[in-house]
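Architecture at a glance
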Amino acid sequence: MAWMWCDPCCNSSTARTHDDDSPGAAVDVLPESRRSDETAQGKGTLGQPGTFSVNLEWDAQALGSLGLKLDSADDVRLMVLGVEKGMAARYNEKKPQTPIQVYDRILSVNGVQGAASDLERHIEAFCRDANAETLKLRMARPAHTVVDVSGKMGLELHYKDSSLGAVVAALEDEGSIAGWNLGHPEARICSGDHLLAVNGHAQRGLEVKQRFQNRKLPPTERYTVTFLRFADAELTM
């Protein structure tokens, strides 16, 4: 998806834009800024998981841009793919200990929850409103789980060809993930989790389809799958 939102009534010094380029180059599974010694080994988390609030303040130095690259694999959940010059980058400069990070999810915009299209619409309304000053985002930060699987996973996945990864829509009673869940109840893969990478490489929706949907996996084929898991715990920011 690609968005450019501007207020046609504003001049170039006050117009606000929100850019989201279609995914292109592969995204690092674990960006360097979010690694620890444990996450680099496939353990630990991508920062502290949980939910938190962010207030993005409009100012002239924000360059008229929200500065967030966003993606939705299932038209329900909205994920941050990158932070660029604009309001988000300015926020991160002011809050270096608690920045907006890649893979964070947006849960609500100015107190309004909804599907990805609803959240996009409220962000667009803010970008078009020359009098609005603060964009309030409720966000969730994921942990990550790396699962060793073989053959069929046993997952129903929702994705777009160009999206980053896929969202787990349902789990089958049989398959490697069902076996994983039985043996690892503390790290169960659940509906709503996000399949991000296979064998350490971030996957686009089309790659997920080609790997898992378009061919029968031999039961002896082994691979690792990285899932993002979004917790409900509150973060202190």
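Note that the structure is a prediction, hence the values are computed from the model and not measured.

Helices and strands together make up the secondary structure of the protein, namely 5 helices and 13 strands. Across the 237 residues that make up the protein, the buried fraction comes to 48%. For the protein, the computed accessible surface area is about 11,700 Å², with 47% contributed by carbon and sulfur atoms.

The phi angle at D75 is positive, at roughly 65 degrees, despite the residue not being glycine. The residue D75 is located in the loop between β4 (68-71) and β5 (78-83) in this model. Residue classification places D75 among the partly exposed positions, given a relative accessible area of 46%. Even without a glycine there, the phi angle at N110 is positive, about 50 degrees. You can see N110 is positioned in the loop between β6 (105-109) and β7 (112-113).

It is worth spelling out the confidence of the model for the protein at this point. On average, residues of the protein score 77 in pLDDT, and 72% of them are at 70 or above. Within the protein, β6 carries the highest mean pLDDT (95), whereas strand β1 (residues 3-4) carries the lowest (30). Taken as a whole, residues 1-46 scores under 50 in pLDDT and shows 117 contacts with residues more than four places along the chain or in a different chain.

What follows concerns the nonpolar core. L56, L68, I100, I106 and L137 are the most contacted members of the largest nonpolar core, which totals 23 residues. If you list the elements that add at least two residues to this core, you get β3 (50-57), β4, β5, α2 (87-94), β6, α3 (116-128) and β8 (134-150). Among the elements that make up this core, the one with the highest residue count is α3 (5 residues).

Taken as a whole and judged by the stated rule, the model has 1 aromatic pair. Ring plane angle 50 degrees and centroid distance 5.7 Å describe the contact between F212 and Y223, whose orientation is recorded as tilted. Placement of the pair is F212 in helix α5 (residues 205-213) and Y223 in strand β13 (residues 222-230), with a sequence separation of 11 residues. A single burial state applies to F212 and to Y223, both of which are buried.

Tallying each qualifying case throughout the model produces 10 salt bridges. Taking the shortest distance from any N to any O, the salt bridge between R121 and D118 comes out at 2.6 Å. Of this pair, R121 and D118 both sit in helix α3, 3 residues apart, which is roughly one turn of the helix. The class for R121 is partly exposed, based on a relative accessible area of 47%. Residues R128 and E124 are paired through a salt bridge, measuring 3.0 Å at the closest nitrogen-oxygen approach. Remark: E124 and R128 occur in helix α3; sequence separation between them is 4 residues, near one turn of the helix. For E124, a relative accessible area of 22% puts it in the partly exposed group.

With respect to the element layout, G179 can be found in helix α4 (residues 176-183). Expressed as a C-alpha distance, the spacing of G179 and M153, which sit 26 residues apart in the sequence, is 9.3 Å.

Moving on, we come to α2. Across the 8 residues that make up α2, a large majority, 6, are buried. Every buried residue belonging to α2 is among M87, A88, A89, R90, Y91 and N92, and all of these are buried. Buried residues in α2 make contact with β3, β4, β5 and α3.

Along the chain, V76 falls in the loop between β4 and β5. Residues V76 and L119 lie 43 residues apart in sequence; the distance between their C-alpha atoms is 9.4 Å. Excluding its chain neighbours within four sequence positions, the residues that come into contact with V76 are G114, A115 and A116.

The next point concerns the side chain of D104. The topology assignment puts D104 in the loop between α2 and β6. At a separation of 2.8 Å, a polar atom in the side chain of D104 contacts the main-chain amide nitrogen of Q101.

Cut-offs applied
- Residues numbered from 1 in each chain as written.
- Predicted model: local features only at pLDDT ≥ 70, side-chain atom pairs only at ≥ 80, totals over all residues.
- Heavy atoms only, no water.
- Helix = DSSP H or I, 4+ residues; strand = E, 2+ residues; numbered from the N terminus.
- Buried < 20%, exposed > 50% of the residue type's maximum accessible area, 1.4 Å probe, protein only.
- Areas by Shrake-Rupley, 256 points an atom, 1.4 Å probe, with all protein chains shown as cover.
- pLDDT = per-residue confidence, 0-100.
- Contact = heavy atoms within 4.5 Å.
- Core = buried A, V, L, I, M, F, W, Y, C linked by side-chain atoms within 4.5 Å.
- Phe/Tyr/Trp six-rings, centres within 6.5 Å; stacked < 30°, edge-to-face > 60°.
- Salt bridge = Lys/Arg side-chain N within 4 Å of Asp/Glu carboxyl O.
- Polar contact = N/O pair within 3.5 Å; in protein donor to acceptor, adjacent residues only side chain to side chain.

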